[in-house]
Amino acid sequence: GTCVSPMATVTIWVKKRTGKLVPVVARPQDDLKAALQVAKLRACTLSKAGAALSLEKTIGEQGLADGDVVVSEGAPIFDRLHFQRPDGKRFEVPGRDLLRRRIASIKETEVAPRTKLQPSEFNLQMGAIELQDEKTLWDYHVEFGEVIQVVYK
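Residues numbered from 1 in each chain as written. Predicted model: local features only at pLDDT ≥ 70, side-chain atom pairs only at ≥ 80, totals over all residues. Heavy atoms only, no water.

Here's the deal with the overall build of the protein
Inclusion rule: Each helix is a run of DSSP H or I of at least 4 residues and each strand a run of E of at least 2, with the numbering of both proceeding from the N terminus. Relative accessibility thresholds used throughout: buried, under 20% of the residue-type maximum; exposed, over 50%; partly exposed, between the two (1.4 Å probe, protein chains only). Contact between two residues is taken to exist if any of their heavy atoms lie within 4.5 Å; hydrogens are not considered. With residues, only the protein chains shown are counted as cover, and all accessible areas are computed by Shrake-Rupley using a 1.4 Å probe.
Scanning the protein from terminus to terminus reveals two helices and 10 strands. The order of α-helices and β-strands along the protein, N terminus first, is β-β-α-β-β-β-β-β-α-β-β-β. Structurally, the protein occupies a C-alpha span of about 65 × 25 × 20 Å along its principal axes. Classification of the 153 residues of the protein by burial places 39% in the buried group. Taking as baseline every contact in the protein between residues at least 6 positions apart, the subset at least 24 positions apart corresponds to 55%. Of the roughly 8,800 Å² that the protein leaves accessible, carbon and sulfur atoms contribute 52%.

Structural notes on the sheet that holds strand β10 (residues 147–152)
What counts is decided by this rule: Between any two strands, pairing holds if DSSP finds at least two bridges. Geometry is summarised by axes, namely lines fitted to C-alpha atoms with helices restricted to the contacting stretch, and by angles between N-to-C directions that run from 0 to 180 degrees.
The mixed open sheet is built from five strands, whose spatial order is β7-β6-β10-β8-β9. Only two strands of the sheet have a single neighbouring strand rather than two, namely β7 (90–94) and β9 (129–130). Two strands pair when backbone bridges link them, and strand β6 (residues 80–84) and β7 are joined in this way by five bridges, in the antiparallel orientation. Looking at β7, one finds that Phe-83 is bridged to Phe-91. With respect to the sheet, helix α2 (residues 103–115) is in contact with β6, β7, β8 (122–126) and β10, its orientation differing from that of β8 by roughly 110 degrees.

Topic: the nonpolar core
In plain terms, the rule: The set of buried Ala, Val, Leu, Ile, Met, Phe, Trp, Tyr and Cys residues whose side-chain atoms join them within 4.5 Å is what this entry labels a nonpolar core.
Counting residues in each nonpolar core, the largest one holds 20 residues, and the members touching the most others are Phe-83, Val-111, Leu-124, Leu-131, Leu-137 and Val-150. Among the secondary structure elements, those contributing two or more residues to this core are β6, β7, α2, β8 and β10. A per-element tally of this core places α2 first, with four residues. Setting aside anything within four residues of it in sequence, one finds Val-150 in contact with Phe-83, Gln-84, Arg-85, Pro-86, Phe-91, Val-111, Thr-115, Leu-117, Phe-122, Asn-123 and Leu-124.

A closer look at the side chain of Asp-68
Put simply, the rule reads: Polar contact is defined as a pair of N or O atoms within 3.5 Å, subject to the rule that within protein one atom must be able to donate a hydrogen and the other to accept it, and that residues adjacent in sequence are counted only when both atoms are side-chain atoms.
Considering the arrangement of structural elements, one finds Asp-68 in the loop between β4 (51–52) and β5 (69–73). At 3.1 Å, the side chain of Asp-68 forms a polar contact with the side chain of Lys-48. Within the local environment of Asp-68, its side chain forms a polar contact with the backbone nitrogen of Ala-65, the two atoms lying 2.8 Å apart. Here Asp-68 is in contact with Thr-11, Ile-12, Trp-13, Lys-48 and Gly-63, once residues within four sequence places are set aside.

What about α2?
Keep this limit in mind: Expected helix span is given by 1.5 Å per residue-to-residue step, counting one fewer step than there are residues. The angle separating two fitted axes, one through the seven residues that finish at a residue and one through the seven that start at it, defines the bend at that residue.
An ideal rise of 1.5 Å per residue puts 18 Å on 13 residues; α2 reaches only 16 Å between its terminal C-alpha atoms. The sharpest bend along α2 measures roughly 30 degrees and falls at Thr-109, with the proline Pro-113 sitting one to four residues further on. By the burial criterion, the buried members of α2 are Ile-103, Ala-104, Ile-106, Lys-107, Glu-110, Val-111, Ala-112 and Thr-115. Summarising the contacts, the buried residues of α2 are in contact with β6, β7, β8 and β10. After α2 finishes, the residue Lys-116 shows a positive phi value of roughly 60 degrees.

Okay, here's the thing in structure tokens:
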């Protein structure tokens, strides 16, 4: 077999369920479970090119090489979203279908009643990105635990 220096690292890309790619730098002798923690993933199934990987085996044992992409399988588990009102107060919106709904629908049915604002009076922002009414949160690769800002127009 090939001799791998103990200091050698590989970068594998973990494609999260939101579609976001996260680089994970690891050593071939690290088990895949350790890589998951770096990618801030809770327990999930990982696969490469459709073949399931073992979290207990090392990166090297599974033939993962520099630049490989592994995919986190399953539906995104978002049971709630976090919002921050213009006054700084935060609120949560429960619901499993939030990612698939249009931003306009979330503004109207979830945010407006909780902020006493009309949907026409505010925008939703994630970081510096303004969320467009006709898109869904899925389109923006929202991460679990991210806070969506409610800002006055």
